[in-house]
Number of protein chains: 2
Amino acid sequence: MSPKIFVSAQEVAERAGVSRSAVSRTFTPGASVSPETRRKVMEAADALGYHVNHLARGLMRNESGIVCLIVADLGTPFRANLIKALTDELQTAGKVAMLINTDRSDGSVDAALRQAIRYRADASIVLSGMPDKSITDLCMKNGQTLILINRDDNRPGPLRINLDDREAARTVVTAFLRAGCRQLAFANSEAGTPSLMAREHGFILAAGEQGLEVVVERFGRTGYEAGRVLAQRLLMRRERPDAVFCATDLLACGFMDAARHQFSLSIPGDLCVVGFDDIEQASWTSYDLTTFGQPIAEIARKSVSWLAAGMPDDEAREPVELHAQLVWRRSIRGA
Amino acid sequence: MSPKIFVSAQEVAERAGVSRSAVSRTFTPGASVSPETRRKVMEAADALGYHVNHLARGLMRNESGIVCLIVADLGTPFRANLIKALTDELQTAGKVAMLINTDRSDGSVDAALRQAIRYRADASIVLSGMPDKSITDLCMKNGQTLILINRDDNRPGPLRINLDDREAARTVVTAFLRAGCRQLAFANSEAGTPSLMAREHGFILAAGEQGLEVVVERFGRTGYEAGRVLAQRLLMRRERPDAVFCATDLLACGFMDAARHQFSLSIPGDLCVVGFDDIEQASWTSYDLTTFGQPIAEIARKSVSWLAAGMPDDEAREPVELHAQLVWRRSIRGA
DNA sequence: TTGTACGCGTTATCAC
DNA sequence: GTGATAACGCGTACAA
């Protein structure tokens, strides 16, 4: 096996009978080369299978074209779709995505950001966890753009995209009231991420303004299984809830399945359910779940346009608030 | 905004009062540095926030540490989980994943592989589509490892990991017969990917050996919606199937929902269903789908161990056949 | 063990 | 429009 023998601009130049610089210019958009030279170069390049070395180019230009995506629970429908949207957007912008998984451990995101720095990524986009302040400072110092999505970080520096979780929660309360529900519940995981907690607090607050108490239950990791357990806990109560707001759609799916098959409840007859994320499964006939759609495409566009435009000045670093749109389906009465 | 000012080994050397090569050696595993020098270097590096430039290192070593993952439909549960497993495995092996989305267009995978070459990726792993022969040749010529997963390519060169789809299909026929089913159907998409077609052909073949005909229907893209349409087509037939093998779980979920809610059929009473992939949703109470689990972890381990070990010699390039394990749930009678 | 000198493939700069 | 040259940050023979 010939181990890594790539063809260089030098070889192309020799074969084309021109200088190295001519080759370089041919592959640099906007450089001036005569049609004749360009033709000779392209011909030689094709024959040899030449491809510009982005490692070397990045070294020269101080711009690798790499954008680092840092994420946990990549297997999850919402995350996967967000990653897809981001990579798509990055590719059309001429960038390339580097994907780093994190786990629940503390230094995990920090390690990922260090990796991004080592590869001189043009930017890092954090979708999970929270980097330590020392690391965000490091990114800033190195002039590396840092984007936090749904992290709700209030320290200055990185660019932030957040959702109006509290406003969404308020909408749910209104909808539940209109459906005639009186026993409100909130089903959450124990993850304690900013967006999840914002939904919880917003829901409790909005309900309180209407004179209603909310029963809150938290369990496990944010997923289907936790939703089932939460249903068991909440639906066994003496005062059984007639409306539940689940922090995510996955929780809601588990909740609905348990409610129907273990408690024989009808939805929305006995119980109204609202979720969050609008993952594909929410629209499946078995669930038909009313939920909030995250503006994934817009999140992706906003993030990437930032990189392209370069960092705005420090004073313009207010977090961007995006709006979650309620998608009405049949898991809640009325409209 | 300070635009991309990274600290170099030179600066660390100056601050530590040593030569630049001492810094280099400190960060090169297995190089010989005195404890005292190492300490001084690390101290200066920490203070300055130094990180080795992997672009430059890759340039020198002719080994970037980057592995390119080429995939379509990344938002899909199975794909997302495979990507997660692969990135996890790559990270523990000290590599980093570069993610490239492809669409359905012909040259899409080729373009992705070219991008991989430009970044001098150590290897490319193709999970979707089929690269043109000229491109696979290019990868081989450049000494870039190429791994095809479930692509069922029979041309020599790239490393291949395939599943025993035909054997799995045979198992399904047996199970259906044991459940007393006589009217067999196969629900497929129009994607026509190798694994999907292998399942279809294997199913028809195995059924034929038992003297049974199979009604085959194909529609749309491999997903939930197509499953619903396929159910409408297959369940409206005069001789209604009492057993259907769906090419993937997503198709099966759509099929089941339509069968139950539009045709009021009971599963497995009126209809037995088997899927493929064992995505998380298959285990959800609403589906409880009997399906084949793809050995995702093993696929990931095998792929990455190949890169680590380096390319085997040409003669050892037989495709690796992995086994799909049937996961018994309640969408089929008997056991 | 340490430092010096060179090369990796590319682009930017500057004469021509 | 073209070609020579320096520089990017790093690894590594080589000599000390």
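Just so you know, these numbers come straight off a predicted model, no measurement behind them. (Residues numbered from 1 in each chain as written. Chains lettered and ligands numbered in written order. Predicted model: local features only at pLDDT ≥ 70, side-chain atom pairs only at ≥ 80, totals over all residues. Heavy atoms only, no water.)

A.B. asks: Looking at this model, I keep getting lost on the overall build of chain A. Mind explaining?
C.D. replies: Looking only at helices and strands, chain A features 12 helices and 12 strands. A globule of 335 residues ought to have a C-alpha radius of gyration of about 20 Å, yet chain A, at 25 Å, is considerably larger. Across its three principal directions, the C-alpha atoms of chain A cover 85 × 40 × 35 Å. The buried share of chain A, taken over its 335 residues, is 57%. Sequence-distant contacts, at least 24 apart, represent 67% of the contacts inside chain A between residues at least 6 apart. Accessible surface, chain A: about 13,700 Å² in total, of which carbon and sulfur atoms supply 48%. In chain A, 40 side chains carry a positive charge and 41 a negative one; their mean positions are 3 Å apart. (Helix = DSSP H or I, 4+ residues; strand = E, 2+ residues; numbered from the N terminus. Rg over C-alpha atoms; globule rule 2.2 N^0.38 Å. Buried < 20%, exposed > 50% of the residue type's maximum accessible area, 1.4 Å probe, protein only. Contact = heavy atoms within 4.5 Å. Areas by Shrake-Rupley, 256 points an atom, 1.4 Å probe, with all protein chains shown as cover. Lys, Arg positive; Asp, Glu negative; His and termini not counted. Charge placed at Lys NZ, Arg CZ, Asp CG, Glu CD.)

A.B. asks: Mind showing me how you'd approach the protein's contact with DNA strand D here?
C.D. replies: Residues in close proximity to DNA strand D total 24 residues, the closest being Ser34(A), Thr37(A), Ala9(B), Arg20(B) and Arg57(B). At the protein interface, 51% of the atoms of DNA strand D within 4 Å belong to sugar or phosphate. Within the contact set of DNA strand D, a phosphate oxygen lies 2.8 Å away from a side-chain nitrogen or oxygen of Tyr50(B). In this structure, a phosphate oxygen belonging to DNA strand D sits 2.5 Å away from a side-chain N or O atom of Arg57(B). Of all the elements in the fold, those that place two or more residues in the surface near DNA strand D are helix 2 (20-26) and helix 4 (54-61) of chain A together with helix 2 (20-26) and helix 4 (54-61) of chain B. It is helix 2 of chain A that contributes the most residues to the surface near DNA strand D, 4 residues altogether. (Near = heavy atom within 4 Å. Polar contact = N/O pair within 3.5 Å; in protein donor to acceptor, adjacent residues only side chain to side chain.)

A.B. asks: Would you mind going over the sheet that holds strand 12 (residues 325-327) of chain B with me for this structure?
C.D. replies: Sheets are built from strands paired through backbone hydrogen bonds, the pairs being either parallel or antiparallel. All names here are of chain B. What the 6 strands build is an open sheet, ordered 7-6-8-9-10-12; its pairing is mixed. Two strands bound the open sheet, and with one partner strand each, they are strand 7 (214-218) and strand 12. If you compare each strand with its neighbour and ignore which way they point, the axes differ by 20 degrees on average. By the bridge criterion, 5 bridges tie strand 6 (residues 184-188) to strand 7 in an arrangement that is parallel. (Pairing = 2+ DSSP bridges. Axes fitted to C-alpha atoms, helices over the stretch in contact; angles between N-to-C directions.)

A.B. asks: Teacher, can you tell me more about the state of the cysteines here?
C.D. replies: Two cysteines whose sulfur atoms are joined by a covalent bond form what is called a disulfide. Residue and element names in this part refer to chain A. Following the criterion strictly, the structure yields 0 disulfides over all chains and no others. Cys 68 forms no disulfide, and the closest cysteine sulfur to it belongs to Cys 139, at a distance of 9.5 Å. The class of Cys 68 is buried, set by a relative accessible area of 0%. Take Cys 253: it sits in no disulfide, and the sulfur closest to it among the cysteines is that of Cys 246, at 8.9 Å. (Disulfide = S-S within 2.5 Å.)

A.B. asks: Would you take a moment to explain the pairing of strand 6 (residues 184-188) of chain A for this structure?
C.D. replies: Here is the key point about a regular strand: its side chains alternate between the two faces of the sheet. Residue and element names in this part refer to chain A. Counted residue by residue, strand 6 has 5 buried out of 5 residues, so it is predominantly covered. Burial along strand 6 is two-sided: the residues Leu 184, Phe 186 and Asn 188 and Ala 185 and Ala 187 are all buried. Note that the unit made of strand 6, helix 9 (residues 194-209) and strand 7 (residues 214-218) has a crossover that is right-handed. Pairing between strand 6 and strand 8 (residues 243-246): 4 bridges, direction parallel. Residue pairing across strands places Ala 185 opposite Val 244, the latter belonging to strand 8. (Right-handed = clockwise from strand over helix to strand, strands pointing away.)

A.B. asks: Would you mind going over the nonpolar core with me for this structure?
C.D. replies: Proteins that are soluble and globular tend to have nonpolar side chains buried together. Counting 163 residues, the largest nonpolar core has Phe176(A) and Phe176(B) as its most contacted members. Every residue in contact with Phe176(A), bar those within four places of it in the chain, is listed here: Cys181(A), Leu184(A), Phe203(A), Ala243(A), Val244(A), Phe245(A), Cys272(A), Val274(A) and Ile332(A). One finds Phe6(A), Ile66(A), Leu146(A) and Leu148(B) within the second-largest nonpolar core, a separate group that totals 42 residues. (Core = buried A, V, L, I, M, F, W, Y, C linked by side-chain atoms within 4.5 Å.)

A.B. asks: Is there a simple way to explain the packing of helix 1 (residues 9-16) of chain A against helix 3 (residues 35-48) of chain A in this structure?
C.D. replies: All names here are of chain A. Where helix 1 contacts helix 3, the two axes come as close as 9 Å, and the packing angle between them is 120 degrees. By the angle between their directions, the pair helix 1 and helix 3 is classed as oblique. Considering only the axes of helix 1 and helix 3, their crossing is right-handed. Counted together, Glu 11, Val 12, Arg 15 and Ala 16 of helix 1 and Lys 40, Val 41, Ala 44, Ala 45, Ala 47 and Leu 48 of helix 3 form the full contact between these two elements. A class-by-class count of the residues in the contact of helix 1 with helix 3 yields 7 nonpolar, no polar and 3 charged. (Parallel < 35°, antiparallel > 145°, perpendicular 65-115°, else oblique. Left-handed = near helix turned anticlockwise from the far one by under 90°. Nonpolar A, V, L, I, M, F, W, Y, C, P; charged D, E, K, R; others polar.)

A.B. asks: Looking at this structure, I do not really get helix 10 (residues 224-235) of chain A. What am I missing?
C.D. replies: Because an α-helix packs 3.6 residues into every turn, residues spaced three or four apart end up facing the same way. All names here are of chain A. Taking 1.5 Å of rise per residue, 12 residues should cover 16 Å, and helix 10 covers 16 Å from first to last C-alpha, within 8% of that figure. Listed as buried for helix 10 are Tyr 224, Ala 226, Gly 227, Arg 228, Leu 230, Ala 231, Leu 234 and Leu 235. Next to the buried residues of helix 10 lie strand 6, strand 7 and helix 11 (249-261). (Expected span 1.5 Å × (residues − 1).)

A.B. asks: Just to check I follow, could you spell out unusual backbone geometry for this structure?
C.D. replies: All names here are of chain A. That bond from Ile 267 to Pro 268 is cis: its omega, 10 degrees, falls within 30 degrees of zero. Within the chain, Ser 264 stands out as a residue other than glycine whose phi angle is a positive 50 degrees. Along the chain, the position of Ser 264 falls in the loop between helix 11 and strand 9 (272-277). Phi at Asp 278 is positive, roughly 55 degrees, even though this residue is not glycine. Relative to the elements of secondary structure, Asp 278 occurs in the loop between strand 9 and strand 10 (290-293).

A.B. asks: I'm lost on the UniProt feature "domain: HTH lacI-type" (unreviewed entry) in chain A in this one. Help?
C.D. replies: Those residues carrying the UniProt feature "domain: HTH lacI-type" (unreviewed entry) are residues 7-61 of chain A in this numbering. The span residues 7-61 of chain A is 67% helical and 0% strand by assignment, and the distance between its end C-alpha atoms comes to 21 Å. (UniProt positions renumbered as here; feature names shortened; annotations may be inferred.)

A.B. asks: Help me understand the relation of the copies chain A and chain B, please; the structure alone is not making it clear to me.
C.D. replies: The operation linking the two copies of the chain is a rotation about an axis combined with a translation along the axis. When chain A is fitted to chain B, the residual RMSD is 0.1 Å, and the transformation amounts to a turn of 180 degrees plus an axial shift of 0.0 Å. Within this description, the copies of the chain are treated as partners about a two-fold rotation axis. When the interface residues of chain A are mapped onto chain B, 100% of them again lie at the interface, so the same face is used by both copies. (Least-squares fit on C-alpha atoms with pLDDT ≥ 70 in both.)

A.B. asks: Which parts of the structure should I look at to understand the interface of chain A and chain B?
C.D. replies: With 63 residues of chain A at the contact, the number on the chain B side is 63 residues. For the pair chain A and chain B, the two sides together bury roughly 6,400 Å², of which 59% comes from carbon and sulfur. Where chain A packs against chain B, one counts 0 salt bridges. Applying the counting criterion to the chain A and chain B interface returns 28 residue pairs in polar contact (both at pLDDT 80 or more). Breaking the side of chain A that touches chain B down by element, the ones donating at least two residues are helix 3, helix 4, helix 5 (77-92), strand 2 (96-101), helix 6 (108-118), helix 7 (133-141), helix 10 and helix 11 of chain A. Looking at the side of chain A that touches chain B, the element that brings in the most residues is helix 5 of chain A, giving 8 residues. Of the residues that constitute the side of chain A that touches chain B, the class distribution is 30 nonpolar, 21 polar and 12 charged. Where strand 2 of chain A lies against strand 2 (residues 96-101) of chain B, 3 bridges are found, and the strand directions are antiparallel. Note that in strand 2 of chain B the partner of Met98(A) across the bridge is Met98(B). (Buried area = accessible area lost by both parts, 1.4 Å probe. Salt bridge = Lys/Arg side-chain N within 4 Å of Asp/Glu carboxyl O.)

A.B. asks: Would you mind showing me how to read the environment of Ala243(A) here?
C.D. replies: Residues and elements named next belong to chain A. Within the fold, Ala 243 resides in strand 8. For Ala 243, a relative accessible area of 0% translates into the label buried. For the pair formed by Ala 243 and Val 214, sequence separation is 29 residues and the distance between their alpha carbons is 9.9 Å. With residues up to four places along the chain from it excluded, the contact list for Ala 243 reads Phe 176, Cys 181, Gln 183, Leu 184, Ala 185, Leu 271 and Cys 272.

A.B. asks: How do you make sense of the protein's contact with DNA strand C when you look at a structure like this?
C.D. replies: The immediate surroundings of DNA strand C are formed by 25 residues, with Ala9(A), Ser24(A), Arg57(A), Ser21(B) and Thr37(B) found nearest. One nitrogen or oxygen atom from the main chain of Ser19(B) is found 3.1 Å from a phosphate oxygen belonging to DNA strand C. For DNA strand C, a base nitrogen lies 3.5 Å from a polar atom in the side chain of Ser21(B). Looking at the surface near DNA strand C, the elements that each hand over two or more residues are helix 2 and helix 4 of chain A together with helix 2 and helix 4 of chain B. Among the residues making up the surface near DNA strand C, the classes are represented as 10 nonpolar, 10 polar and 5 charged.

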